[in-house]
There are 4 protein chains.
Amino acid sequence: MLNKTPTSWLYVKRIVRFGETDAAGVVHFHHLLRWAHEAWEESLELYGLDASNVFPGCKNNRVDPEISLPIVHCQASFRIPIKTGDHLKIKLAPEKLDLGSFQVKTIFERDDAECAQCLIRHLSIDTKTRHRSSLPEDIDLWLEASMINNGPSAV
Amino acid sequence: MLNKTPTSWLYVKRIVRFGETDAAGVVHFHHLLRWAHEAWEESLELYGLDASNVFPGCKNNRVDPEISLPIVHCQASFRIPIKTGDHLKIKLAPEKLDLGSFQVKTIFERDDAECAQCLIRHLSIDTKTRHRSSLPEDIDLWLEASMINNGPSAV
Amino acid sequence: MLNKTPTSWLYVKRIVRFGETDAAGVVHFHHLLRWAHEAWEESLELYGLDASNVFPGCKNNRVDPEISLPIVHCQASFRIPIKTGDHLKIKLAPEKLDLGSFQVKTIFERDDAECAQCLIRHLSIDTKTRHRSSLPEDIDLWLEASMINNGPSAV
Amino acid sequence: MLNKTPTSWLYVKRIVRFGETDAAGVVHFHHLLRWAHEAWEESLELYGLDASNVFPGCKNNRVDPEISLPIVHCQASFRIPIKTGDHLKIKLAPEKLDLGSFQVKTIFERDDAECAQCLIRHLSIDTKTRHRSSLPEDIDLWLEASMINNGPSAV
């Protein structure tokens, strides 16, 4: 069962939509990875970060962020089929891996039973040179705040 | 500007996610149609309908609904590019066309400016015979309630 | 039935994949619009155009194209449900509308029966100023060549 | 470099489409997982299997297959950004794990350089009882044939 902590920005919700299922009647697998990324975006926003500081192409971007966060690895495991109309609780468990990379584990629950887990790992690179760089300050703050009450051992 | 009416279930919100944009930096067009369908699903839910009465394959379905609502036509028009992180207000304007069909117009706004419009038209058919049928009672109620304060002339 | 003409770049094929269906067992509607856009991209390629002359963000782009082709309108009509494994023949019928806009009608057939039609309308704008511009020369050539043997009346 | 073997059904191609990129100008990560699943479907077809023997909801299904193959795990690793118009060679390396499960590793190459890898693991279950079952005979044949010349050590 998801354990509410002060890090409220690490909990989001999602209702499953009909177009996300396939002819087997359950959610088609790759949508989970999309949901995990979107949950991360929602978490950053709930924490107070502006999307334009993290992602290129936002409305308020005069220039795009100097640091990019490409995904180098992702994975997902599926325990219980998820269906149209299901109300999912999503818990994020971020972890800073080193000065220039982090990962976000995402746990999907329905009625307090775990349905699936995802993990997405990001690298931090200089947008122009494509060389590795330290994490953007905003992301660093979000990671630190997230790990205080909700470290890697919490999941 | 969207005009709030008693039919509060016809107003939903959506925040644009990074994966919905393309390399031109704006939302790739076909996501609008997906959003329009998902807004319809959200509206039914806000009104009080259970997804399992409308869509096959839901968790609580012992049997799937006897009536299906295939889409026979859809269209979308785009006025203003939509970008990552944009907060969209979405207004639905449903219209019953005859005993066995209806359409839902969907208007997308950002900062009170209209960005795009979609329209999705559904037919009502008997799931087994594939012959035309009257609309399911639940959908009929939602249509009637939606059109009282918010008829076709409202948009 | 699709009538083969010398404009062979206007005919492409597609096999329907499982993840494109929904729990009703048929293709979820908005994929048709995606397929129509992808068929257009394939047609340009078959005709001999390089994607990097049309789309931003291609591998060989030192600079992105000076002209963008945003979609201002799209629509689709559905006649016959499409299912996993279906072999679709896709016919494109492009039409230049004026100096700065064009549309592509796309007809989807299975076993010589028409299943669905799409239409996507593009505007030509200067990427930097966002003002209307004439069509890129490459697109103009593709449109002219396509309409010689396969004008608007052909569909 | 991909090494052509007699198991020609394990090699497919794909051209990257514009709508698969995001505002960073590269393919958005989760499409890789979709491509991996679609490459598997294409491989089964090239080998000679009928989709209707594997997937529910196909045109020729009077009844759906008695055995389902839900995905229990997937993962992907990304080495080189992939862009619009890129021609990808895709190699599949299937592996039978036990009597009731298998996985398919998928390697994506552009210009003989590896861009990304995916892995999708399937379980075999009885569609009605949802209990574990042996693999469907068709899938078993495809796995055996695929592993003769192209075993797990080949990748």
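Residues numbered from 1 in each chain as written. Chains lettered and ligands numbered in written order. Predicted model: local features only at pLDDT ≥ 70, side-chain atom pairs only at ≥ 80, totals over all residues. Heavy atoms only, no water.

A.B. asks: Help me understand the relation of the copies chain C and chain A in this model?
C.D. replies: What relates the pair of chain copies is a rotation about an axis plus a shift along that axis. You can overlay chain C on chain A at an RMSD of 0.0 Å; the transform is a turn of 180 degrees with a shift of 0.0 Å along its axis. The two molecules are tied by a two-fold rotation axis, judged by turn and shift. Interface residue correspondence from chain C to chain A reaches 100%, placing this contact among same-surface, isologous pairings. (Least-squares fit on C-alpha atoms with pLDDT ≥ 70 in both. Contact = heavy atoms within 4.5 Å.)

A.B. asks: Just to check I follow, could you spell out the sheet that holds strand β5 (residues 101-110) of chain B for this structure?
C.D. replies: Strands in a sheet are paired, the pairing made by backbone hydrogen bonds, and the direction either parallel or antiparallel. One open sheet accounts for ten strands, arranged β1(B)-β4(B)-β5(B)-β6(B)-β3(B)-β3(C)-β6(C)-β5(C)-β4(C)-β1(C); its pairing is antiparallel. With one partner strand each, in any of the chains shown, β1 (11-15) of chain B together with β1 (11-15) of chain C form the two edges of the open sheet. If you compare each strand with its neighbour and ignore which way they point, the axes differ by 20 degrees on average. Pairing of β1(B) with strand β4 (residues 87-98) of chain B involves five bridges; the strand directions are antiparallel. Paired with B:I15 across the two strands is B:H87, which belongs to β4(B). Those strands touched by helix α1 (residues 31-47) of chain B are β1, β3 (71-78), β4, β5 and β6 (113-123) of chain B together with β3 (71-78) of chain C, and its axis lies near 75 degrees from that of β6(B). (Pairing = 2+ DSSP bridges. Helix = DSSP H or I, 4+ residues; strand = E, 2+ residues; numbered from the N terminus. Axes fitted to C-alpha atoms, helices over the stretch in contact; angles between N-to-C directions.)

A.B. asks: Hey, could you run me through empty space enclosed by the protein in this one?
C.D. replies: In this approach the atoms are scanned with a rolling probe the size of a water molecule, which exposes any empty space left behind. Here the structure, examined in full by the defined rule, presents nine cavities of 30 Å³ or more. Volume-wise, the largest cavity comes out at about 430 Å³. Counting only elements with at least two residues in the lining of the largest cavity, the list comes to α1 (31-47) of chain A, α1 of chain B, α1 (31-47) of chain C together with α1 (31-47) of chain D. Partitioning the lining of the largest cavity into residue classes produces no nonpolar, 16 polar and 14 charged. (1 Å grid on protein atoms, 1.4 Å probe; cavity = no way out; pocket = protein on both sides within 12 Å on 5 of 7 lines; lining within 4 Å. Points joined across faces, edges and corners; volume = space filled by probe spheres on them. Nonpolar A, V, L, I, M, F, W, Y, C, P; charged D, E, K, R; others polar.)

A.B. asks: I would appreciate a short explanation of the environment of C:L10 in the present structure.
C.D. replies: All names here are of chain C. Within the secondary structure layout, L10 lies in the segment before β1. Classification of L10 as buried rests on a relative accessible area of 0%. Sequence separation between L10 and T106 is 96 residues; the distance between their C-alpha atoms is 9.4 Å. (Buried < 20%, exposed > 50% of the residue type's maximum accessible area, 1.4 Å probe, protein only.)

A.B. asks: Where do I start with the state of the cysteines in this structure?
C.D. replies: A covalent bond bridging the sulfur atoms of two cysteines is what the word disulfide describes. Counting across every chain of the model gives zero disulfides over all chains. With no disulfide partner, B:C74 has as its closest neighbouring cysteine sulfur the one in C:C74, 6.5 Å distant. (Disulfide = S-S within 2.5 Å.)

A.B. asks: What am I meant to see in the side chain of A:H73 here?
C.D. replies: As for its placement among the helices and strands, A:H73 is situated in strand β3 (residues 71-78). Accessibility expressed as a relative area gives 11% for A:H73, which makes it buried. One polar contact links A:H73 to D:S77, side chain to side chain, over a distance of 3.0 Å. With residues near it in sequence (within four places) discarded, A:H73 still touches A:L119, A:I120, A:R121, D:Q75, D:A76, D:S77 and D:F78. (Polar contact = N/O pair within 3.5 Å; in protein donor to acceptor, adjacent residues only side chain to side chain.)

A.B. asks: How do you make sense of the packing of α1(C) against helix α2 (residues 137-148) of chain C when you look at a structure like this?
C.D. replies: Two quantities define a packed helix pair, namely the angle between the axes and the distance from one axis to the other. Residues and elements named next belong to chain C. Between α1 and α2, the shortest axis-to-axis distance is 11 Å and the interhelical angle comes to 90 degrees. In this view, α1 runs roughly perpendicular relative to α2, as classed from their interaxial angle. For the pair α1 and α2, contact is made by W40, S43, L44 and Y47 and by I139, L141, W142 and A145, respectively. The residue inventory of the contact of α1 with α2, partitioned by class, reads seven nonpolar, one polar and no charged. (Parallel < 35°, antiparallel > 145°, perpendicular 65-115°, else oblique.)

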